Amino acid sequence: MEPSGPGDRRQFFRKGFGKWVDRWMEATEERLVQERYFRPPGALPEVAFLAACTRCGDCLPVCPVDAILKVPSKGGLAAGTPYIDPRLQPCTVCPDMPCVQACPTGALTMPERGWDGYRLGEVELVPERCVTFRGTACTVCASACPIGERALVIDEQGHPVLRREGCVGCGVCVRACITSPSSFELRLAEG
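Colleague: Can you walk me through the pattern of salt bridges in this structure?
Modeller: Two side chains carrying opposite charge are able to pair once their charged atoms lie near each other. Evaluated as defined, the whole model comprises 5 salt bridges. One salt bridge in this structure joins Glu124 and Arg187, with 3.5 Å as the shortest N-O distance. With Glu124 in strand 3 (residues 121–125) and Arg187 in strand 6 (residues 184–188), the pair connects residues that are 63 residues apart, well separated along the chain. Residue Arg187 is classed as partly exposed on the basis of its relative accessible area of 43%.

Right, dumping it as structure tokens:
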């Protein structure tokens, strides 16, 4: 369908141009970003983060659990930027996000609603690995969750249940899980 009037044409071109810019940004990010990292809370989208982060390291010492590391020099454009390796030490979801407050450039920004609705990653339960599905009682994951029952509960059968609307994807449950491999899998949040 072709636009009929001048206003329709402008809208048509704006929509087309916007889609083109989105595709161009995705393609640029794919070329620039060879490896994706779990970033500290409030990180800008990756390309903007890489541009804004001065690699000052001010966010590292304020993390109370030392979860923030620097990407090694072999990390290409990301070298020197902060990241979190949840397998070593997950973010423990500090209510005041001291890492964000320490960032002098805005590469880390306070999410509008704080942790409410914010995602570091996406967690998925793998029931085949969980001991509770084989009859062994365990509540380690739910006890360790810094968000609590808004994110992870134990149901009437004694099985863990993820509540996606409350889970921030910090990875504490992944690391706390007693099974090997963990009964939880963590991946980067989409978008």
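On we go from here.
Colleague: Got a minute to help me understand the packing of aromatic side chains in this structure?
Modeller: Two aromatic rings are characterised by how far apart their centres lie and by the angle between their planes. Considering all chains together, one arrives at 2 aromatic pairs under this definition. Summarising the aromatic geometry, the rings of Trp115 and Tyr118 are spaced 5.8 Å apart at their centres and angled 75° between planes, so their arrangement reads as edge-to-face. For Trp115, a relative accessible area of 10% gives the class buried. With relative accessibility at 17%, the residue Tyr118 sits in the buried group.

Colleague: I tried to follow the confidence of the model for the chain on my own but got confused; where do I start?
Modeller: For residues with low pLDDT, the predicted coordinates do not support detailed interpretation. For the chain, the mean per-residue pLDDT works out to 88, and 82% of the residues sit at or above 70. Ranking the elements of the chain by mean pLDDT puts helix 1 (residues 6–32) last, at 59, and strand 1 (residues 68–70) first, at 98.

Colleague: Would you take a moment to explain the side chain of Thr81 for this structure?
Modeller: One can find Thr81 in the loop between strand 1 and strand 2 (82–84). In terms of polar contacts, Thr81 uses its side chain to reach the backbone carbonyl oxygen of Ala78, at 2.5 Å. Other than its neighbours up to four places away in sequence, Thr81 contacts Arg39, Phe49, Leu50, Cys53, Arg55, Leu69, Lys70 and Val71.

Colleague: Is there a simple way to think about the nonpolar core in this case?
Modeller: The nonpolar side chains of a soluble globular protein tend to be buried with one another. Counting 37 residues, the largest nonpolar core has Leu108, Trp115, Leu152, Leu162, Cys173 and Phe184 as its most contacted members. Every element with two or more residues in this core is listed here: helix 3 (98–102), strand 3, helix 4 (140–144), helix 5 (172–176) and strand 6. Counting 5 residues, the second largest nonpolar core, distinct from the first, contains Tyr37, Leu50, Ala78 and Tyr83.

Colleague: What is the right way to read the pairing of strand 3 from this model?
Modeller: Side-chain positions along a regular strand alternate between the two faces of the sheet. Burial along strand 3 is one-sided: Gly121, Val123 and Leu125 are buried, while Glu122 and Glu124, pointing the other way, are not. For strand 3 and strand 6, the ladder comprises 5 bridges, and the chain directions are antiparallel. Paired with Glu124 across the strands is Glu185, a residue of strand 6.

Colleague: Any chance you could explain the environment of Ala142 here in plain terms?
Modeller: Mapped onto the secondary structure, Ala142 falls in helix 4. Ala142 sits in the buried class, given a relative accessible area of 19%. Each C-alpha atom of the pair Ala142 and Ile154 lies 6.9 Å from the other, and the pair is 12 residues apart in sequence. Excluding residues within four positions of it along the chain, Ala142 makes contact with Leu152 and Ile154.

Colleague: What's the story with unusual backbone geometry in this structure? I'm lost.
Modeller: What is expected of a backbone is that most residues other than glycine have negative phi and most peptide bonds are trans. The omega torsion of the bond from Ser180 to Pro181 falls at 0°, within 30 degrees of zero and hence cis. Of note, Pro181 is situated in the loop between helix 5 and strand 6. Residue Val93 is not a glycine yet carries a positive backbone phi of 60°. Relative accessible area serves as the criterion here: at 9%, Val93 is assigned to the buried category. Of note in the backbone geometry, Met97 takes a positive phi value of approximately 45° without being a glycine. Among the secondary structure elements, Met97 is positioned in the loop between strand 2 and helix 3.

Here is what the cut-offs are and how they apply
Residues numbered from 1 in each chain as written. Predicted model: local features only at pLDDT ≥ 70, side-chain atom pairs only at ≥ 80, totals over all residues. Heavy atoms only, no water. Salt bridge = Lys/Arg side-chain N within 4 Å of Asp/Glu carboxyl O. Helix = DSSP H or I, 4+ residues; strand = E, 2+ residues; numbered from the N terminus. Buried < 20%, exposed > 50% of the residue type's maximum accessible area, 1.4 Å probe, protein only. Phe/Tyr/Trp six-rings, centres within 6.5 Å; stacked < 30°, edge-to-face > 60°. pLDDT = per-residue confidence, 0-100. Polar contact = N/O pair within 3.5 Å; in protein donor to acceptor, adjacent residues only side chain to side chain. Contact = heavy atoms within 4.5 Å. Core = buried A, V, L, I, M, F, W, Y, C linked by side-chain atoms within 4.5 Å. Pairing = 2+ DSSP bridges.

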